[in-house]
Amino acid sequence: MEIILWIGFYFLAFYAFLPALISRIFGFRVFMKGISDTDIALTFDDGPDPVYTPKLLDLLKRTGAKGTFFVVGENAERHPDIIARIHAEGHVIGIHNYVHHTNWFMRPSTVKRQIHRTSDVIKRITGSRPMYYRPPWGIVNVFDFANLGYLQIVLWSELFGDWRKRVGAEKLYKRMKRKLKPGQVFLLHDCGITFGADRDAPASTISALERILDDGKQLGFRFVGIDDMIAVTERAKNAKISARRDAKSPISRGEPADDNQQAIGPVKKIIVSLWMVYEKVFHVLFRLRPVGTSHFFNYRIRKYSGPPLDFVEGQTLRSGDQIMEIHFDNQMLFDLSMKSKSTMQVGIRIIREMQGALPDMARELAIAPKGDQVKALYGISMIHRGADVLGYETFELPKSMFSWMTNLYLRFLIRVIHPSGNERVRGKGDTMNPRMIVMPREMLLSWADESSPRKRRPANKNSAEIESAASISADREVELADFEESTIGKLV
């Protein structure tokens, strides 16, 4: 059951939840809001509707405003004359799937067929294929970023609940008026036949929009298609980039450079931020607890569900036995890596942290729920030498879907936190496989006595040797980097 929950968690996180989070919070591979002094983009979903879309087009024509219509393919097929009019009057047409179904509940190939079918319908009517796509409810899956090809995903900066009739024209107008600012991408609806919408709700939308268009004109705003908004935004971004290039560097301003802080690009910032959110969700779902006061490690107590593990001193860990499963705090690990000059420094620090945390881990057994039943300290790491210095024993992780997904996650972890993670994964990927590192209960309890020399002297000696080697010979750094990569115990 534990394995099924893990697989389900990984699937939902990587297929649905995380891609939606990336796109919504960080704007990765999507357009949500523009940069403009005068322009506002009006977008309309779910149409065309035989009653309300023509009325909306009349309003836009009368006021000289342009809009973007993300149409549902089956509706477009039923009303080709309306699609032709939208195109002829200079509005932008985008895709909103062939049927109004969420991408979370469709396979990637099904989403692709929905998009292609709608694109074919629009091309038959207008002679050209659309370039913009808005998934229903703004929900994307992980494959949408790669499978959409030439299409630009467009979300929104503001939505107003206009699919509900009870909102009414007056309240809708007030909501829109508060958000009437340049750069906004308004999400509105010209059709009310989709699930959860009210059939006549677009009547209130058109009534409120008429007043908004008048207000915008008085303020000097333009209402443009999404193509114009994207073009204006790109010009503004390019101007900012040019301005940054012309700005003086910290060195030219007489400010000292931070040699210890690793550079991080915008894509990695997105990945790291997403990773931290993922970790918080993981901690809540699996009820992780901190170890001691350093907050470098977290743990949970659960039942072991793998094959029997025979320890050197004769004990055996069996399926159903309680274990203390240890986890790194990923924010601490990332901050440490970014402030380290080399992989060797990362290794030395993590060895010290693990060594310093073992007494706290041992003492946790006395206060944690079911701590008295724990048979071993347990974690999953990349293959490494040297874990035995701290008292760990290592075991192969059985081949399974869990080990495969764990391997993917650990490679991702190395790429994110390691100063040269990409190079390490590419250069040594074939030798990186997850292993179980396990410390028997008796060995862990021996760490609770601060005066006990058991296993403590070798660990200190090991750290000292690494530090000594760092100062004696630069030629040893490659060897030590191999050591620390295999020793730091990149736990799940």
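Criteria and cut-off values
Each chain carries its own residue numbering, running from 1 in the direction its sequence is written. The predicted nature of this model means local features are confined to residues of pLDDT at least 70 and side-chain atom pairs, given and counted, to a pLDDT of 80 or more, with totals for whole chains, interfaces and linings taken over all residues. Side-chain numbers come from the whole structure's heavy atoms, not from hydrogens or water. Put simply, DSSP H or I for four residues or longer makes a helix, DSSP E for two residues or longer makes a strand, and each gets a number counted from the N terminus. A simple rule labels every residue: compare its accessible area, found with a 1.4 Å probe on the protein chains alone, to the largest value its type can have, and call it buried under 20%, exposed over 50%, or partly exposed in between. Residues count as neighbours in contact if any of their non-hydrogen atoms are within 4.5 Å of one another. Surface exposure here means Shrake-Rupley accessible area, sampled with a 1.4 Å probe, where a residue is shielded only by the protein chains that are shown. Nitrogen and oxygen atoms within 3.5 Å of one another constitute a polar contact, given that in protein one can donate a hydrogen and the other can accept it, and given that sequence-neighbouring residues count only through two side-chain atoms. In what follows, salt bridge is the name for a side-chain nitrogen of Lys or Arg lying within 4 Å of a carboxyl oxygen of Asp or Glu. Here the aromatic set is Phe, Tyr and Trp, taking the six-membered ring for Trp, and pairing holds for ring centres within 6.5 Å; pairs whose planes are under 30 degrees apart are stacked, those over 60 apart are edge-to-face, and all others are tilted. Placement of a charge over a ring requires the Lys NZ or Arg CZ to be within 6 Å of the ring centre, with the centre-to-atom vector within 35 degrees of the ring normal. Only buried residues count toward a nonpolar core, which is a set of Ala, Val, Leu, Ile, Met, Phe, Trp, Tyr and Cys residues joined through side-chain atoms within 4.5 Å. Note on pairing: DSSP must find at least two bridges between two strands before they are called paired. Exposure above 30% relative accessible area and no salt bridge define the residues that can form patches, which grow by joining like charges within 9 Å and nonpolar side chains of Val, Leu, Ile, Met, Phe, Trp and Tyr within 5 Å. We count Lys and Arg on the positive side and Asp and Glu on the negative side, and we leave His and both chain ends out. To locate a charge, the coordinates of NZ of Lys, CZ of Arg, CG of Asp or CD of Glu are taken. Using protein atoms alone on a 1 Å grid, points that fit a 1.4 Å probe yet trap it form a cavity, whereas open point sets bounded by protein on both sides within 12 Å along at least five of seven lines form a pocket; residues with an atom within 4 Å of a point count as lining. Grid points are joined across faces, edges and corners, and a volume is the space filled by probe spheres set on the points. Each residue receives one of three labels: charged for Asp, Glu, Lys and Arg, nonpolar for Ala, Val, Leu, Ile, Met, Phe, Trp, Tyr, Cys and Pro, and polar for the others, Gly being one of them.

A.B. asks: Give a description of the overall build of the chain that names residues and reports values.
C.D. replies: When helices and strands are counted, the chain shows 17 helices and 17 strands. When each of the 492 residues of the chain is scored for burial, the buried share is 52%. Expressed as a percentage of contacts within the chain between residues at least 6 apart in sequence, the contacts between residues at least 24 apart total 78%. In the structure as shown, the chain presents an accessible area of about 23,700 Å², 55% of it carried by carbon and sulfur atoms.

A.B. asks: Talk me through the side chain of Arg300; I want residue IDs and the actual numbers.
C.D. replies: Relative to the helices and strands, Arg300 is located in strand S11 (residues 297-303). Polar contacts involving the side chain of Arg300 include one to the side chain of Glu325, which spans 2.6 Å.

A.B. asks: If you had to explain the pattern of salt bridges to someone new, which residues and values would you point to?
C.D. replies: Scanning the entire structure with this criterion turns up 15 salt bridges. For Asp45, the salt bridge goes to Arg134, with nearest N and O atoms at 2.8 Å. Here Asp45, found in strand S2 (residues 39-45), pairs with Arg134, found in the loop between strand S5 (132-133) and helix H6 (144-147); they are 89 residues apart in sequence, far enough to count as distant. Both residues of the pair, Asp45 and Arg134, belong to the buried class. The partner of Arg363 in a salt bridge is Asp360, and the shortest N-O contact between them spans 3.0 Å. Taken as a pair, Arg363 and Asp360 lie in helix H12 (residues 343-367) at a separation of 3 residues, close to a single helical turn. Overall, Asp360 belongs to the partly exposed group, its relative accessible area being 24%. Among the charged side chains, a salt-bridge network with shared partners connects Asp58, Arg85 and Glu89.

A.B. asks: Explain unusual backbone geometry to me, using residue names and the numbers behind them.
C.D. replies: Omega for the peptide link from Gly47 to Pro48 comes to 0°, which places this bond in the cis form. Following the sequence through the fold, Pro48 ends up in the loop between S2 and helix H2 (52-63). Here Trp137, not a glycine, exhibits a phi torsion of approximately 60°, which is positive. Take Trp137: it is sitting in the loop between S5 and H6. Judged by its relative accessible area of 44%, Trp137 falls in the partly exposed class. Here Lys370, not a glycine, exhibits a phi torsion of approximately 65°, which is positive. With respect to the helices, strands and loops of the structure, Lys370 is situated in the loop between H12 and strand S15 (374-382).

A.B. asks: Kindly report on the packing of aromatic side chains, identifying the contributing residues and their values.
C.D. replies: For the structure shown, the criterion picks out 5 aromatic pairs. Consider the rings of Phe311 and Phe395, whose centres lie 6.0 Å apart with planes at 65°: the pair is edge-to-face. One end of the pair, Phe311, is in the loop between strand S12 (309-310) and strand S13 (316-317); the other, Phe395, is in strand S16 (residues 393-396), and 84 residues separate them in sequence. Each member of the pair, Phe311 together with Phe395, is buried. The positively charged end of Arg117 is found above the aromatic ring belonging to Tyr98, 3.8 Å away from the centroid. Seen from the ring of Tyr173, Arg211 lies directly overhead, with NZ or CZ sitting 3.7 Å from the centre.

A.B. asks: Talk me through the nonpolar core; I want residue IDs and the actual numbers.
C.D. replies: Grouped together as the largest cluster of nonpolar side chains are 59 residues, with contacts concentrated most on Met176, Leu209 and Ile226. With residues up to four places along the chain from it excluded, the contact list for Leu209 reads Leu42, Phe44, Leu56, Leu59, Met176 and Leu188. Core analysis: the second largest hydrophobic core is formed by 27 residues, Phe296, Leu336, Leu365 and Ala368 among them.

A.B. asks: Describe the pairing of strand S17 (residues 434-440), with residues and values.
C.D. replies: The buried count for S17 comes to 7 of 7 residues, which makes it a mostly enclosed element. Burial along S17 is two-sided: Pro434, Met436, Val438 and Pro440 facing one way and Arg435, Ile437 and Met439 facing the other are all buried. Direction of pairing for S16 relative to S17: antiparallel, over a ladder of 4 bridges. Bridge assignment links Phe395 to a residue of S17, and that residue is Met436.

A.B. asks: Account for a positive patch on the surface, with residues named and values stated.
C.D. replies: On the surface, a cluster of positive charge is made up of Lys33, Lys174, Arg178, Lys179 and Lys181. Positionally, Lys174 belongs in helix H7 (residues 168-178). The exposure class assigned to Lys174 is partly exposed, which follows from its relative accessible area of 46%.

A.B. asks: Would you mind going over the environment of Asp81 in detail, with residue names and values included?
C.D. replies: For Asp81, the position within the fold is in helix H4 (residues 80-88). A residue is classified by how much of its surface remains accessible, and Asp81, at 54% relative accessible area, is exposed.

A.B. asks: Report on the layout of surface pockets, specifying residues and quantitative values.
C.D. replies: Counted as a void, the second largest pocket has a volume near 300 Å³. For the lining of the second largest pocket, the secondary-structure elements that each account for two or more residues are helix H10 (266-286) and S11. With 5 residues, S11 is the single largest residue contributor to the lining of the second largest pocket. Looking at the lining of the second largest pocket residue by residue, the class counts come to 6 nonpolar, 1 polar and 6 charged.

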